[in-house]
Amino acid sequence: MALSISQMAAVSYPAVLAEKRKAANQWAESAFMRELERQGAVKRLSFGPTIEAPLDYRANPGTAMLATDLQGTSLALTEVVTSASYTPAELSVPMVWSKMQEAQNPSENQKIALVAQILENGIESHDDAIEQDLFLTSTNGFLGLLTHCPLVNSAGSDGGIDPSTNTFWRNQTNTYVDDTDIEAAFTTTWNQCAKGSGSKMLPTLMVSDAPTQALFEGTQQANQRWVDTDELKAGFKILAFKTARYVFSQYGLTSVFFLNPKNFHLAVSKEYFRDKGDTQEIPNANGYVTKIYSALQTVTNNRSRLGVAHL
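Residues numbered from 1 in each chain as written. Predicted model: local features only at pLDDT ≥ 70, side-chain atom pairs only at ≥ 80, totals over all residues. Heavy atoms only, no water.

This part is about the nonpolar core. Within the largest apolar cluster, 27 residues are counted, with the highest numbers of intra-cluster contacts made by Phe32, Leu36, Ile130, Leu145, Phe257, Leu259 and Leu266. At the level of secondary structure, the elements contributing two or more residues to this core comprise α2 (31–38), β4 (89–98), α4 (108–134), β8 (205–208), β11 (256–259) and β12 (264–269). With four residues, the top contributor of residues to this core is α2. Aside from chain neighbours lying at most four places away, what touches Leu266 is Met33, Ala41, Val42, Lys43, Ile130, Phe142, Leu296, Gln297 and Thr298. In this structure, Phe186, Cys193, Ala194 and Tyr246 belong to the second largest nonpolar core, which totals 16 residues. (Core = buried A, V, L, I, M, F, W, Y, C linked by side-chain atoms within 4.5 Å. Buried < 20%, exposed > 50% of the residue type's maximum accessible area, 1.4 Å probe, protein only. Helix = DSSP H or I, 4+ residues; strand = E, 2+ residues; numbered from the N terminus. Contact = heavy atoms within 4.5 Å.)

Listed below in C-alpha cells is the structure:
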C-alpha cells in the first residue's frame, strides 16, 4: 500500500530539515541569517516564562581615591547588577494539503516530490519571516533591531529598561549624508561601540540594504577589502570594515546596524525551534494540516555596545 502524504511528511521532515542545515545552504537566501549563525549569535536555550539577561550596569559607586589614610568609605549597599527581561515570541508556519492532492499524486514518487516541496517551502518561509522581522521594531512580540538599536537612542523601553532615564542603556547612533561621509560615520559608530582600543567587545557584524552597502563599497574601490577569498569566489561579496563583516539583506534598511554576538543574539528554544507538529485531519474538511513552530526572541545584554549609522 502506498504511503499517504501525512506519512511521508512525518518520515521526510527530519531528512529535509537536515538538508537545510548543511553549511552550504542552511541560510541559502539570507547572508544576514547565515552570518548570525556563523558568528554564534543564534543561541539554543531551554526557555522559562521570560529570558533574563543579567547586566553589570555600572562601576561600584563607592570607588574613590583616598585623601587621607583614615578617610571613611561608603557602607551603602553595593548595587551594580540588574537584568533585562524578554518574553519569548512565537512563529508558526501551517502546511495544509487536501485529500484531492492525495488522489492526484497516487504514486510514491509523486507523493515524495510533493511532500519535499511543502516541507522545504515551510522551512524557507519560517526563516524568511525571521529575517524580515529582524529589521522592524516589533512584530507580535518579536523584537527587531529597531527596538535594540533605535535611531533615537533615548526612545523606547527594551527588556523592561527605559533608556530615557537609564543612560547606560542607550545604543550608539550617528548619521551620514552620502558617500562623502559614510566612512567617517562608520568609524565613529564602530569606535563608540568598542569604547576603547584593544576592547574585547568589538562589532563583528554590520548589516544594511544592498544600495547602502554599495554606497560604502564605492568609497573603497582604491583599496577594496573583502573578508576572505573563499567568500569572494562564492560571490557573496561580504565586505570588511575594521573587525566587522558587512553583509546586506533584501529586507535591510538604509540604517547600518553594528552588532556582536556577545551582546546581541537570537535566542531560540532548544526544544521548539523549527519543530514540526503532528499531522491532523481538518475538522469538517477533506484535508490535513501540520505546523512548523518556533519559540524565539532577540536579546541584548549591553545596548551600549550596539550601534546604528543612518540617514
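Turning next to the environment of Gly40. With respect to the helices and strands, Gly40 occurs in the loop between α2 and β1 (42–45). Taking C-alpha positions, Gly40 is 9.5 Å from Asn260, a pair spaced 220 residues apart along the chain.

With respect to the helices, strands and loops of the structure, Ser157 is situated in the loop between α5 (145–148) and β7 (172–175). The exposure class assigned to Ser157 is partly exposed, which follows from its relative accessible area of 48%. Considered as a pair, Ser157 and Trp169 are twelve residues apart in the sequence and their alpha carbons are 9.4 Å apart. Those residues within four positions of Ser157 in sequence are excluded, and the remaining contacts are Thr147, Asp162 and Pro163.

Orientation of α2 relative to α4, taken along the N-to-C sense of each, is 95 degrees, at an axis distance of 10 Å. Considering the angle they form, α2 stands roughly perpendicular to α4. In contact with Phe32, Met33 and Leu36 of α2, α4 contributes Ile130, Glu131 and Leu134. Its residues assigned to classes, the contact of α2 with α4 shows five nonpolar, no polar and one charged. (Axes fitted to C-alpha atoms, helices over the stretch in contact; angles between N-to-C directions. Parallel < 35°, antiparallel > 145°, perpendicular 65-115°, else oblique. Nonpolar A, V, L, I, M, F, W, Y, C, P; charged D, E, K, R; others polar.)

Taken as a whole, this structure holds one cavity of 30 Å³ or more when the rule is applied. Roughly 40 Å³ of volume is contained in the largest cavity. As for the largest cavity, its lining consists of Leu36, Gln39, Ala41, Thr204, Leu205, Leu259, Asn260, Pro261 and Phe264. Its residues assigned to classes, the lining of the largest cavity shows six nonpolar, three polar and no charged. (1 Å grid on protein atoms, 1.4 Å probe; cavity = no way out; pocket = protein on both sides within 12 Å on 5 of 7 lines; lining within 4 Å. Points joined across faces, edges and corners; volume = space filled by probe spheres on them.)

Looking now at the packing of aromatic side chains. Under the counting rule described, the total for this entry stands at ten aromatic pairs. Each ring, one from Phe168 and one from Trp169, has its centre 6.1 Å from the other, and the planes form 55 degrees; the classification is tilted. Ring geometry for Phe216 against Phe241: centres 5.8 Å apart, planes inclined by 80 degrees, an arrangement best described as edge-to-face. Linking Phe216 in helix α7 (residues 210–218) with Phe241 in strand β9 (residues 239–241), this pair joins segments that are 25 residues apart in sequence. As far as the burial class goes, Phe216 and Phe241 line up, both buried. For the cation-ring pair, Lys242 lies above Trp190, with the distance from its terminal atom to the ring centre recorded as 5.1 Å. (Phe/Tyr/Trp six-rings, centres within 6.5 Å; stacked < 30°, edge-to-face > 60°. Lys NZ or Arg CZ within 6 Å of the ring centre and 35° of its normal.)

Tracing the chain through its elements places Pro261 in the loop between β11 and β12. Between the alpha carbons of Pro261 and Gln39 there is a distance of 6.6 Å; along the sequence they are 222 residues apart. Apart from residues lying up to four places away in sequence, Pro261 is in contact with Gln39, Gly40, Ala41, Lys43 and Thr204.

Quick look at the confidence of the model for the chain now. Low pLDDT marks regions whose predicted coordinates should not be analysed in detail. Per-residue pLDDT for the chain averages 84, and the proportion of residues at 70 or more is 82%. Every residue in residues 22–28 scores below 50 in pLDDT, and together they form 14 contacts with partners more than four places removed in sequence or on other chains. Every residue in residues 232–236 scores below 50 in pLDDT, and together they form four contacts with partners more than four places removed in sequence or on other chains. (pLDDT = per-residue confidence, 0-100.)

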